[in-house]
Each structure stands twice: as structure tokens, then as C-alpha cells.
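# Survey of secondary and tertiary structure
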Amino acid sequence: MDHTAPIVEDVFGISWLDFNLSNVFMIIVTSLIVFVISVLGARKLEMKPTGGQNVMEWVLDFIKGIINDTMDWKTGKLFLPLAITLFSYILVGNMLGVITNGVVGGDVWWKSPTADPGLTLTLAMMVIVLSHFYGIKLRGGKAYVKDYFTPLPLLFPIKLIEEFSNTLTLGLRLFGNIYAGEVLLALLVGLTTSGALGFIGGAIPFLAWQGFSVFIGGIQAFIFTMLSMVYISHKVSEEH
């Protein structure tokens with residue numbers, strides 16, 4: 001657990017601009033994996049789907065169900081590409097750290113990108129900004145502003161605080177669950193590699209927690225996507 005992150009400090013001479021190279025690397029890896037899976041799944045579309053197309057259609061139907069549960073389809077179909085991208089990216093990202101952690105020269109290079117609060121909070125902020133953008137675009141500025149003062153004008157400060165709390169909870173929930181899972185996996189790896197007794201005592205808990213982490217990774221991808229659609233629905237729907 002004494003590993004460090006490969007950080008480049010003072011990028012472009014700016015004192016506060018630092019880059020975690022492992023985050024950049026894992027973001028690129030996750031994006032490439034999602035892209036390749038999507039291309040392979042939709043490469044040869046058939047009326048009777050098989051293999052990868054079956055998986056892609058199942059994901060599509062699953063995401064449609066999430067959107068239909070949060071808003072009417074006439075409005076919700078606009079956000080189908082966003083929801084599919086969020087779910088796929090977060091799911092793959094969550095799984096990468098469950099497979100293994102890669103350490104080179106004492107620096108952790110291979111881990112779940114979603115185990116970093118910078119990424120998860122950025123995704124959360126993106127969702128919140130998009131919810132405001134489409135709220136104004138689809139309903140108009142007047143209706144958008146009016147929501148902050150209904151049913152009582154006194155609720156305006158509370159609704160402002162809610163916007164910040166939604167961003168924090170959406171991002172930190174994902175980060176906390178994935179990071180905690182990776183910490184425990186790292187501890188169990190250390191136990192199993194400490195000797196014969198450590199291997200005997202840690203092998204089964206490691207496999208059990210690894211399987212549970214896969215389940216948690218899938219659940220967190222679902223929760224993040226569901227809440228994203230809920231927040232967007234609150235801004236674009238006439239009744240909420």
C-alpha cells in the first residue's frame with residue numbers, strides 16, 4: 001500500500017496544474033476498450049442477432065428501460081447516447097481495477113480510473129451542466145428560472161445548495177465504492193503473497209471479494225446512469 005502515483009507537477013509552468021499520468025493512461029485505455037467493444041458489437045448487424053450484437057442490444061434495451069423510468073421517451077430518447085456512453089464507460093472502468101493493479105517502479109499505473117475523485121467528479125459535473133443546458137434549451141429560460149422559486153421563493157437557497165450536493169454525491173459515491181474495493185483487494189493481495197499461511201488464509205477471501213467487486217462495479221455503473229437521468233429529467237420535464 002506504499003505505492004505512489006506518477007504525477008507530473010507544474011505542467012506548462014503553472015504551479016497548480018498537475019497531471020496524474022496513471023489517470024490519463026487508464027482513461028485512454030478505458031475509452032479504447034469501450035470503442036472496440038462497441039465497434040465489434042455493431043459491426044455486422046443482423047435481423048437475428050448473435051454474439052456481440054446480442055450483448056449490445058441487451059445493453060440498449062436496459063438503458064432504454066432506465067430512461068423510460070425517469071422521463072417520457074419522447075424527451076428521453078435525446079439522452080440515449082449519453083446514457084449508453086456513461087454506463088459502458090463506467091462499467092468498463094470499474095472492472096479494470098478488479099482484474100489487477102499494475103505497479104511499475106513503485107508507481108501504480110493500472111487501476112480503475114473511477115477510483116480517482118477527479119474523474120468521477122468531472123463526470124458528475126458534466127451531467128449536472130448538461131442537465132441545466134437542456135433544461136434551458138427544451139423548456140426555455142423563464143420556466144427554468146421559475147423552478148428555483150416554486151413552490152415557495154424561500155426555497156431558492158436550498159435549491160442552490162441542492163445543485164452542489166447533487167454533484168458531490170453523484171461523483172463521490174462512485175469514487176468511494178470503487179476506491180474502497182481496490183484498497184481491500186490490495187490488502188488481500190499483500191496477505192496472499194506474504195507466505196504459505198498468508199496464501200491459505202487470504203486466497204478464498206480475495207476471490208470472494210473480487211467477485212463481489214465485480215457486482216459492486218456493475219451496480220455503481222447502473223446507479224450513476226440512473227441518477228444522471230433523474231437529474232436531467234428534473235430539468236427537462238414539465239412536471240417533476
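Thresholds, definitions, all that
- Residue positions within a chain follow its written sequence, with the count starting from 1.
- Only residues with pLDDT of 70 or above have their local features reported here, since the model is predicted, and side-chain atom pairs are shown and tallied only from 80 upward, although totals for entire chains, interfaces and linings are computed over all residues.
- Excluding hydrogens and water, the side-chain figures rest on all heavy atoms present in the structure.
- Every axis in this analysis is a line fitted to C-alpha atoms, fitted for helices over the stretch in contact. Angles between the N-to-C directions lie between 0 and 180 degrees.
- Runs of E in the DSSP output that reach at least two residues are strands. Runs of H or I that reach at least four are helices, and both are numbered from the N terminus.
- Definitions for this section: a left-handed crossing has its near helix turned counterclockwise from the far helix by less than a right angle. A right-handed crossing has that turn clockwise.
- When checking whether two residues touch, look at their non-hydrogen atoms; a contact exists if any pair is within 4.5 Å.
- In these notes, a set of buried Ala, Val, Leu, Ile, Met, Phe, Trp, Tyr and Cys residues joined through side-chain atoms within 4.5 Å is what counts as a nonpolar core.
- Per-residue accessibility, obtained with a 1.4 Å probe over protein chains only, is compared with the maximum for each type, and a residue is labelled buried under 20%, exposed over 50%, and partly exposed between these values.
- How far a helix is expected to stretch is found by multiplying one less than its residue total by 1.5 Å.
- What qualifies as a polar contact is a pair of N or O atoms within 3.5 Å, subject to a donor-acceptor requirement within protein and to the restriction that residues adjacent in sequence count only when both atoms come from side chains.
- Patch membership requires more than 30% relative accessible area and the absence of a salt bridge. Residues of like charge join within 9 Å; the nonpolar side chains Val, Leu, Ile, Met, Phe, Trp and Tyr join within 5 Å.
- Each accessible area value is a Shrake-Rupley result obtained with a 1.4 Å probe; residue values ignore everything except the protein chains displayed when judging cover.
- Salt bridge, as applied in this entry: a Lys or Arg side-chain nitrogen positioned within 4 Å of an Asp or Glu carboxyl oxygen.

### Considering the packing of helix 2 (residues 52-70) against helix 8 (residues 196-236)
Packing of helix 2 against helix 8 leaves a shortest axis separation of 9 Å and a crossing angle of 40°. When the axes of helix 2 and helix 8 are compared, the crossing they make is right-handed. In contact with F62, I63, I66, I67 and T70 of helix 2, helix 8 contributes F222, T225, M226, M229, V230 and S233.

### Focus on the nonpolar core
Counting 30 residues, the largest nonpolar core has I63, I67, M71, F79, F224, M229 and I232 as the members making the most contacts within it. Where this core is concerned, the elements lending two or more residues are helix 2, helix 4 (80-99), helix 5 (117-139), helix 7 (156-192) and helix 8. Excluding its chain neighbours within four sequence positions, the residues that come into contact with F79 are I67, M71, Y134, L138, M229, I232 and V236. Formed by 5 residues, the second largest nonpolar core is a distinct cluster that contains M26, V29, V34 and V92.

### Description of helix 5
Taking 1.5 Å of rise per residue, 23 residues should cover 33 Å, and helix 5 covers 32 Å from first to last C-alpha, within 8% of that figure. Along helix 5, the residues that are buried comprise L119, T120, L123, A124, V127, I128, S131, H132, Y134, G135 and R139. Considering only its buried residues, helix 5 is in contact with helix 1 (21-41), helix 4, helix 6 (141-146), helix 7 and helix 8. Sitting at the head of helix 5, D116 places a side-chain oxygen 2.8 Å from the backbone nitrogen of G118. The positive-phi residue at the C-terminal boundary of helix 5 is G140, with phi of around 95°.

### Thoughts on the side chain of S112
Locating S112 in the fold gives a position in the loop between strand 4 (107-110) and helix 5. By relative accessible area, S112 is classed as buried at 1%. Ignoring sequence-local partners within four residues, the contact set of S112 consists of G93, N94, L96, G97, V98, I178 and E182.

### Focus on the environment of F222
Along the chain, the position of F222 falls in helix 8. Relative accessible area serves as the criterion here: at 28%, F222 is assigned to the partly exposed category. Note: C-alpha distance between F222 and L21 (201 residues apart in sequence) is 28 Å. Apart from the residues lying within four places of it in its own chain, the contact partners of F222 are F62, I66 and F87.

### Some points on a nonpolar patch on the surface
Taken together, the side chains of V8, F19, L21, V24, I28 and L32 define a hydrophobic patch exposed on the protein surface, amounting to about 480 Å² of accessible area. In terms of residue count, the dominant contributor to the nonpolar patch is helix 1 (4 residues). Residue position: L32 is located in helix 1. Assessed through its relative accessible area of 52%, L32 is described here as exposed.

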